Amino acid sequence: VTTYSLRSFGAMVTDEVRMDAYARALEAAVRPGSIVVDIGAGTGVHTLIACRLGAAHVYAIDPNPAVELAVESARINGFADRVTIFRGLSTAFELPERADVIVSDLRGILPLWEHHIETIVDARTRLLKPGGALIPQRDEIHAAVITAPEDYEEAAGPWTRRFDVDLSAGRRWTLNSFSKSRFQPAQMLAQPAHIASLDYTTVTDPKLDARVTWTVERAATAHGVGAWFSTELFDGIGFSNAPGQPDAIYGRAFFPWQNPVDVQVGDQVTLAFSAWLVDDNYVWHWKTEVCSRGSVVASFDQSTFWSWPIDRDYLRRGSSAYVPPPTADVEADAFVLARVDGARSLGDLSDELQERFPERFPTRKSALDHVSRLARRYG
Ligand SMILES: C[S@@+](CC[C@H](N)C(=O)[O-])C[C@H]1O[C@@H](n2cnc3c(N)ncnc32)[C@H](O)[C@@H]1O
C-alpha cells in the first residue's frame, strides 16, 4: 500500500474536481442512520462528510497512521461517538454490522492500482448490506494515440551522451515505464478508444486485457499512448479525467513508445494492452503495431516488467523448487516464535534469545529490537 504523506492527503482534499463529486455522491447515498465504511480513509474527510450527513456510525479504515487524525477531527466536529477507526487493511477488518454505504478512492493514475479491485470485491461481499451503495460504482478507461514531445523528452531525454559518456542504457528501462501526464485534446491523433469498464458492483477479476485499433486523423510525430479514467461515483454523479476536462489530481497515464513515429492520416495503430497484478503491483504490457498503407512501419513490445533490472536471484528464491537454507536467522526467529505462548513478554523473549544466541545478539537492546520487529509483524 502506498504510504502517502500528510501533504499528499492535503492535495487530495483540495482537489475540487474529485472532492466535489465525492461530496455529492455521499449526499446522495448517505441517509440519516446509515452505517458507512470509509476504506482508505486517509485523514478521514469522507468519514466526516458522512457524519455531517447524519450517518449513525462510520468505520474509517486505513493502515496509514494519518487515520488517527480522523479521531481528533471527529471530536472537533462533535462526531466522536459516531466514528470508529481501524488502523489496518480493510481485508483484515471484521464489521460488527453490515454497511449501507462503502466509500473509497483506492486508485492511482488509473483505477488498476495495487490491490484496489480485490479490496472492493472483499468489501462488497463481506461488509456491504445486500443492495447497499458502493462509491465509486464504476470506472471507464479510455486511451488515445498522442503526440507528447515534452513527456517523451522527460522520459528518454536524460539517457543520451553527456559529459562524453554514453548513458543510453537507461533508455530501455525508462521507455518501459509509464508516467503521469497532463496531455491536452490537441495532442490526440485519433478518436479516443474505450479500453475497459470496471463495474465495482460486479467486478471479480483484477486484470485488464484489451485490444484496440485507432485510425490516425492528424499527421504528426506520435510518441505513445495516453490513458485516463472517468467515473460514476453514484447514480449519475461523477467526473472525468479526459483531456480537456478540469484537472484532477490523478492526471493521465502516458505509455511511451520505444521510438517516436511519424504517422499519416489514415494510418492504423493497433494496441494490445494488458495489466496483470503480480504480488502488490500491476505489470503493464503494451504491444503496438503501426500500419501505413498496408505495411507495418513500426512495432513495439513494451512492459513495466522491463522497467527495472530483474533480480534473478530474488525471483529464484520465490519459486516452488527453491529449498531455503536453515540460516542462523531462521533458527533465531524459529526459536522466538516457538516461545510466543501468550504469557511471555517481549522482555522475557529477548532475554531468552540473547542467552541462546549471544554472538548474534550481543546486547539486550539488539535482542529486544529483533523480537519487537517480529512481534509487530505478527500483530
Ligand atoms: C488515495 S488515498 C485516499 C484518502 C482519502 N480517502 C481521500 O479520499 O482523500 C488511498 C488510501 O487508501 C489506503 N488503502 C489502500 N488499500 C487499503 C485497504 N485495503 N484498506 C484500507 N486502506 C487502504 C491507503 O493507505 C491510502 O491512504
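Rules behind the numbers
- Residues numbered from 1 in each chain as written.
- Predicted model: local features only at pLDDT ≥ 70, side-chain atom pairs only at ≥ 80, totals over all residues.
- Heavy atoms only, no water.
- Helix = DSSP H or I, 4+ residues; strand = E, 2+ residues; numbered from the N terminus.
- Contact = heavy atoms within 4.5 Å.
- Areas by Shrake-Rupley, 256 points an atom, 1.4 Å probe, with all protein chains shown as cover.
- Lys, Arg positive; Asp, Glu negative; His and termini not counted.
- Charge placed at Lys NZ, Arg CZ, Asp CG, Glu CD.
- Buried < 20%, exposed > 50% of the residue type's maximum accessible area, 1.4 Å probe, protein only.
- Near = heavy atom within 4 Å.
- Polar contact = N/O pair within 3.5 Å; in protein donor to acceptor, adjacent residues only side chain to side chain.
- Nonpolar A, V, L, I, M, F, W, Y, C, P; charged D, E, K, R; others polar.
- Axes fitted to C-alpha atoms, helices over the stretch in contact; angles between N-to-C directions.
- Left-handed = near helix turned anticlockwise from the far one by under 90°.
- Pairing = 2+ DSSP bridges.
- Patch = residues over 30% accessible without salt bridge, like charges linked within 9 Å, V, L, I, M, F, W, Y side chains within 5 Å.
- Salt bridge = Lys/Arg side-chain N within 4 Å of Asp/Glu carboxyl O.
- Core = buried A, V, L, I, M, F, W, Y, C linked by side-chain atoms within 4.5 Å.
- Arc of directions from axis to C-beta.

Draft legend 1. Main features of the overall build of the protein. Looking only at helices and strands, one finds 11 helices and 17 strands in the protein. In terms of principal-axis extent, the alpha carbons of the protein reach across some 75 × 60 × 40 Å. Within the protein, contacts between residues at least 6 apart in sequence are counted, and of these 71% link residues at least 24 apart. Accessible surface computed for the protein: about 19500 Å², of which carbon and sulfur atoms make up 53%. Each charge sign in the protein was given a centre, from 38 positive and 49 negative side chains, and these centres are 1 Å apart.

Draft legend 2. Representation of helix α5 (residues 116-126) in the model. Extensive coverage of α5 is indicated by the burial of 8 of its 11 residues. Inspection of α5 places His116, Ile117, Thr119, Ile120, Val121, Asp122, Ala123 and Arg124 among the buried residues, and these make up the whole buried set. Where α5 is buried, its residues touch β1 (35-39), β4 (99-104), β5 (128-135), β10 (193-199) and β16 (281-292).

Draft legend 3. Spatial organisation of the site of the ligand. Arg18, Gly40, His46, Asp62 and Ser90 are the nearest of the 20 residues found near the ligand. A distance of 2.7 Å separates a nitrogen atom of the ligand from a polar backbone atom of glycine 40. Within the side chain of aspartate 62, an N or O atom sits 2.7 Å from an oxygen atom of the ligand. Protein contact buries 94% of the 610 Å² of open area that the ligand shows by itself. Within the residue set of the shell around the ligand, elements represented by two or more residues are α1 (6-13) and α3 (45-52). Looking at side-chain class alone, the shell around the ligand contains 11 nonpolar, 6 polar and 3 charged residues.

Draft legend 4. Spatial organisation of the packing of helix α9 (residues 328-339) against helix α10 (residues 346-356). Close contact between α9 and α10 brings their axes to 10 Å; oriented N to C, the two are set at 145°. Like other packed secondary-structure pairs, α9 and α10 cross with a definite hand, here right-handed. Residues Glu331, Ala332, Phe335, Val336 and Arg339 of α9 form the contact with α10, whose participating residues are Leu349, Glu352, Leu353 and Arg356. Among the residues forming the contact of α9 with α10, the class breakdown is 5 nonpolar, no polar and 4 charged.

Draft legend 5. The arrangement of the sheet that holds β5 in detail. Pairing within the open sheet is parallel, and its 5 strands lie in the order β3-β2-β1-β4-β5. Of all strands in the sheet, those bounded by a partner on one side alone are β3 (83-86) and β5. Between one strand axis and the next, the sheet turns through 20° on average, direction left out of account. With 4 bridges connecting them, β1 and β4 associate as parallel partners. If you follow isoleucine 39 over to β4, its bridge partner there is serine 104. Packed onto the sheet, helix α2 (residues 16-29) meets β4 and β5 and runs at close to 155° relative to β5. Set on the sheet, α5 makes contact with β1, β4 and β5; between it and β5 the angle comes to about 145°.

Draft legend 6. Structural context of the pairing of β3. Pairing of strand β2 (residues 57-61) with β3, which is carried by 4 bridges, proceeds in the parallel orientation. Directly across from tyrosine 59, in β3, lies its bridge partner threonine 84.

Draft legend 7. A nonpolar patch on the surface, seen in detail. Together, Phe305, Trp306, Ile310, Tyr314 and Leu315 line one region of the surface with nonpolar side chains, adding up to about 510 Å² of accessible area. With respect to the helices and strands, tyrosine 314 occurs in helix α8 (residues 312-316). Accessibility expressed as a relative area gives 53% for tyrosine 314, which makes it exposed.

Draft legend 8. Broad picture of the nonpolar core. Ranked by size, the top nonpolar core spans 85 residues in total, and within it Ile102, Leu112, Ile135, Ile195, Trp214, Trp257 and Trp284 carry the most contacts. With residues up to four places along the chain from it excluded, the contact list for isoleucine 135 reads Tyr22, Ala25, Leu26, Ala29, Val101, Ile102, Val103, Ser104, Leu233 and Phe234.

Draft legend 9. Representation of the sheet that holds strand β17 (residues 295-303) within the structure. Strand order in this open sheet of 4 strands is β11-β15-β16-β17, and the pairing throughout is antiparallel. Where the open sheet ends on each side, the last strands, each with one partner, are β11 (208-215) and β17. Neighbour-to-neighbour, the strand axes of this sheet turn through a mean angle of 10°, independent of strand direction. Here β16 runs beside β17; their pairing, made up of 8 bridges, is antiparallel. In the sheet register, lysine 287 faces β17, and the bridge partner there is aspartate 301.

Draft legend 10. Quick peek at α10. Residues of α10 that are buried: Gly347, Leu349, Ser350 and Leu353. Along α10, the residues classed as buried sweep out an arc of 160° about the axis, all on the same side. At its buried positions, α10 is contacted by α9 and α11 (364-377).

Draft legend 11. Geometry of unusual backbone geometry. Residue proline 136 is bonded to the preceding isoleucine 135 through a cis peptide linkage, with omega at 5°. Positionally, proline 136 belongs in the loop between β5 and β6 (138-146). One non-glycine residue, aspartate 164, lies in positive phi territory at about 65°. Classification of aspartate 164 by relative accessible area gives exposed; the value is 62%.

Draft legend 12. Focus on the packing of α2 against α3. Between α2 and α3, the shortest axis-to-axis distance is 10 Å and the interhelical angle comes to 35°. Read as a crossing pair, α2 and α3 show a hand that is right-handed. Contacts from Arg18, Met19, Tyr22, Ala23, Leu26 and Glu27 in α2 reach Val45, His46, Ile49 and Arg52 in α3.

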